[in-house]
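A structural walkthrough
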Amino acid sequence: MDSLAGYVYKAAAEGRVLTLAALLLNHSEAETRYLLSYVTHLAGQRSTPLIIASRNGHDKVVRLLLDHYRVDTEQTGTVRFDGYVIDGATALWCSAGAGHFEVVRQLVCHQANVNHTTVTNSTPLRAACFDGRLDIVKYLVEHQANIGIANKYDNTCLMIAAYKGHTDVVGFLLEHGADPNAKAHCGATALHFAAEAGHLDIVKELVRCQAAMVVNGHGMTPLKVAAESCKADVVELLLLHAECDPHSRIEALELLGASFANDRENYDILKTYHYLYLAMLERHRDLGTLIAKELLPPIEAYGGRSECRTPQELEAIRADRNALHMEGLMVRERILGSDNIDVSHPIIYRGAVYADNMEFDQCIKLWLHALLLRQKGNRNTHKDLLRFAQVFSQMVHLKEPVGAEPVKQVLHCSVLEIQRSMARVEAAPEAELHTAMDNYESNVFTFLYLVCISTKTVCGEEERARINKQIYNLIQLDPRSREGSSLLHLAISSSTPVDDFHTNDVCTFPNAQVTKLLLDCGAQVNAVDHEGNSPLHIIVQYNRPISDFLTLHAIIISLVEAGAHTDMTNKQKKTPLDKSTTGVSEILLKTQMKMSLKCLASRAVRQHQITYRNQIPKTLEEFVEFH
Ligand SMILES: *[C@@H]1O[C@H](CO)[C@@H](O)[C@H](O)[C@H]1NC(C)=O
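Residues numbered from 1 in each chain as written. Predicted model: local features only at pLDDT ≥ 70, side-chain atom pairs only at ≥ 80, totals over all residues. Heavy atoms only, no water.

Going by this rule: UniProt positions are given in the numbering used here, feature names are shortened, and annotations may be inferred rather than shown by experiment.
Per an unreviewed UniProt entry, the recorded name for the protein is Protein fem-1 homolog B, and the organism is Salmo trutta. UniProt, in its Pathway (unreviewed entry) section for the protein, records the words "Protein modification; protein ubiquitination." The UniProt entry for the protein carries this comment under Sequence similarities (unreviewed entry): "Belongs to the fem-1 family."

**Digging into the packing of aromatic side chains**
Using the following cut-off: Aromatic rings from Phe, Tyr and Trp, taking only the six-membered ring of Trp, are treated as a pair when their centres fall within 6.5 Å; an angle between ring planes under 30 degrees marks them as stacked, one over 60 as edge-to-face, and anything in between as tilted. Runs of H or I in DSSP of at least four residues are treated as helices and runs of E of at least two as strands, each being numbered from the N terminus. Charges are assigned to positions over rings by a cutoff of 6 Å between ring centre and Lys NZ or Arg CZ, combined with an angular limit of 35 degrees from the ring normal.
This model, assessed by the stated rule, comprises 10 aromatic pairs. Seen from their ring centres, tyrosine 84 and phenylalanine 130 are 6.4 Å apart, and the 85° between their planes marks the pair as edge-to-face. In this pair, tyrosine 84 is assigned in strand β4 (residues 84-89) and phenylalanine 130 in helix α8 (residues 124-131), connecting sequence segments 46 residues apart. Among the aromatic residues, those joined into a cluster by ring pairs are Trp367, Phe388 and Phe392. Positioned over the ring face of phenylalanine 81 is arginine 55, at 4.0 Å from the centre of the ring.

**Notes on the nonpolar core**
Stated formally: Definition used in this section: a nonpolar core is a set of buried Ala, Val, Leu, Ile, Met, Phe, Trp, Tyr and Cys residues joined via side-chain atoms within 4.5 Å. Only protein chains enter the accessibility calculation, which uses a 1.4 Å probe; a residue whose area is less than 20% of its type maximum is buried, one above 50% is exposed, and one in between is partly exposed. Contacts were defined at the residue level, with two residues in contact if any of their heavy atoms lie within 4.5 Å.
The biggest cluster of nonpolar side chains holds 185 residues, and the ones touching the most others in it are Leu140, Leu173, Phe392, Leu518 and Ile539. Counting residues per element, this core draws most heavily on helix α24 (residues 430-454), which supplies 12 residues. Once residues lying within four places of it in the same chain are set aside, the contact partners of leucine 173 are Cys129, Val137, Ile147, Cys157, Leu158, Ala161 and Ala178.

**Structural notes on the UniProt feature "repeat: ANK" (unreviewed entry) in the protein**
Taking the UniProt record as the reference, the feature "repeat: ANK" (unreviewed entry) is found at residues 120-152, 153-185 and 186-218. From the first C-alpha to the last, residues 120-152 spans 5 Å; its make-up is 52% helix and 0% strand.

**Notes on the side chain of serine 229**
Summarising the element assignment, serine 229 is placed in the loop between α14 (222-228) and α15 (232-241). Setting aside chain neighbours within four positions, we find serine 229 in contact with Ala195, Glu196 and Asn266.

**Observations regarding the pattern of salt bridges**
Stated precisely, the cut-off is as follows: Any Lys or Arg side-chain nitrogen located within 4 Å of an Asp or Glu carboxyl oxygen qualifies as a salt bridge.
A full pass over the atoms with the stated rule returns 30 salt bridges. Among the charged side chains, a network of salt bridges with common partners joins Glu254, Arg283, Lys293, Glu307, Glu327 and Arg334.

**Focus on the packing of α8 against helix α9 (residues 134-142)**
Just so we agree on the cut-off: Each axis is a line fitted through C-alpha atoms, taken for helices only over the stretch in contact, and angles between the N-to-C directions span 0 to 180 degrees. Roughly parallel covers angles under 35 degrees, roughly antiparallel covers those over 145, roughly perpendicular covers 65 to 115, and oblique covers all other angles. Left-handed is the label given to a crossing in which the near helix is rotated counterclockwise from the far helix by less than a right angle, and right-handed is the label when the rotation is clockwise.
Where α8 contacts α9, the two axes come as close as 8 Å, and the packing angle between them is 160°. Taken together, the axes of α8 and α9 are roughly antiparallel relative to one another. Seen from above, α8 lies across α9 with left-handed handedness. For the pair α8 and α9, contact is made by Pro124, Leu125, Ala128 and Cys129 and by Ile136, Val137, Leu140 and Val141, respectively.

**Observations concerning the packing of helix α16 (residues 246-260) against helix α19 (residues 321-336)**
How two helices sit against one another is set out by the angle between their axes and by the gap between those axes. Operational definition: Nonpolar residues are Ala, Val, Leu, Ile, Met, Phe, Trp, Tyr, Cys and Pro. Charged residues are Asp, Glu, Lys and Arg, and all others, Gly as well, are polar.
Direction vectors running N to C along α16 and α19 enclose 140°, while the axes themselves pass 8 Å from each other. Comparing their axes, α19 and α16 come out oblique. The hand of the α16/α19 crossing is left-handed. Taking contact as the criterion, the partners of Glu251, Glu254, Leu255, Ala258 and Ser259 in α16 are, on α19, Gly328, Val331, Arg332, Arg334, Ile335 and Leu336. Of the residues that constitute the contact of α16 with α19, the class distribution is 5 nonpolar, 2 polar and 4 charged.

The following block contains the structure:
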């Protein structure tokens, strides 16, 4: 029966109506019901014959299933649409989302519930609005579909159509009573979505329908959103039509100009000057009531400049691209506020352009500024930190001097980020634990890259001490990987991943210098991972003992000198010597072993299972346990 169900599903999915009819012939009612409600799992989808036929637009199959077999229209399944996985979708939702009008019509004629929502509360109407199919939208609304049902983020049909730029659908929804002022979870209205995406006709339509100019969750009006995303025509339209006080007008023009100065896709320095100049004229229009800027103190990353205050000052930098780029960054930080989520992207972009031109100092200043802003705003900075490891590595590789101070600052920020990612792992619900842990581990790896880079910077003793203080601070937090590996384990393990954009030109593991530095900064030489392996257990398994002999040698010496127990056993009762996989590491280990009487005694106690608890000094109990 199950394999028959598979054929039935396949025929429905491929629209082979005659085959399907033949397959369903001569079965009892119960068998037919079984075959037609059978859920097939395939390529990440879970669906019945009706759902898959509707998804794929096979109206003849759908007609057969509905007319002849009275299949339940409210069956739900999991389907994929452009990379999205939709749970709890009905046949009607699928056909509306995939744009199959005839299937929609048949389902509705057979009393399919037009308001049946998916798990995320998306209606068939919303699916049609996403796709921009006015014919289906009209048909559903004519058949009593509810226009006002929003998805679980309170995002309405009108919002999705506005964002995707389906002007005709937006017009239709507004005519049929869609609320232009409904707010999504994030505080945005349809006008925000249309403005951000730059759909001028839709903005016009919404304004005509009295859509209000309100702020979203980030304190941004649609006007500001349009300015921030370089949508000049939308800004100009809103300035003409919307009620707007002089202050907001000027801010919108300034933000628009500033955004054109440092945007990868919309870079246009002439527009930067044009809009900044327009704004400046408005500030100075009425000499009696000059509207002055409330300037931020100069920021070093922006070259220590101040924003222009007069048309003359602005005219003076008209041909100075660099000055206009920095002007743009200053204006954005002033208007958006330093904790706004969008402030940092253009700063990072401008830094990257500097790095591409080998102007590394400028790049690092900007990126540090962005990093501090993002960290202050409690944002996840793991990509920012990795970007530093990459640019520093590139510099080391090109023999450009890497300053101790920036390395120290980035290490400092990394310690904070790791502390926060540890807390995020602690607090993560089951479903998010995996991502939180990945994030945390990659921060620890990035920290190790930075430590490795710090061994290659030329710096004085005091600077070195400041760098080492950061390393010490992290060691105190004792971060561990999933396997329980400490920083030291990771520094000596060839399985520690190394980022491959510039970083791997400079950082490799096992790494003797990093090992030495970590030990100098207080790393526990006998720390064990979840398998009970000490760093010494790991390094003796290094598989390049000949070609990278110096590393192996230096690390074993460092570990032993720092007090590594050469006879410490892991959970399988194996010592480092037992775990040695090459003759080279075995010899190195043997020459380093200085077996003390204390160690020999401990081994004897353990091997012969002599009771020692409460018989020897407490401080020795732990020592015996190692063995
Ligand atoms: C769908 O919602 C609309 C509007 O609330 C309502 O009039 C209609 O009866 C609903 N249809 C069904 C099948 O629930």
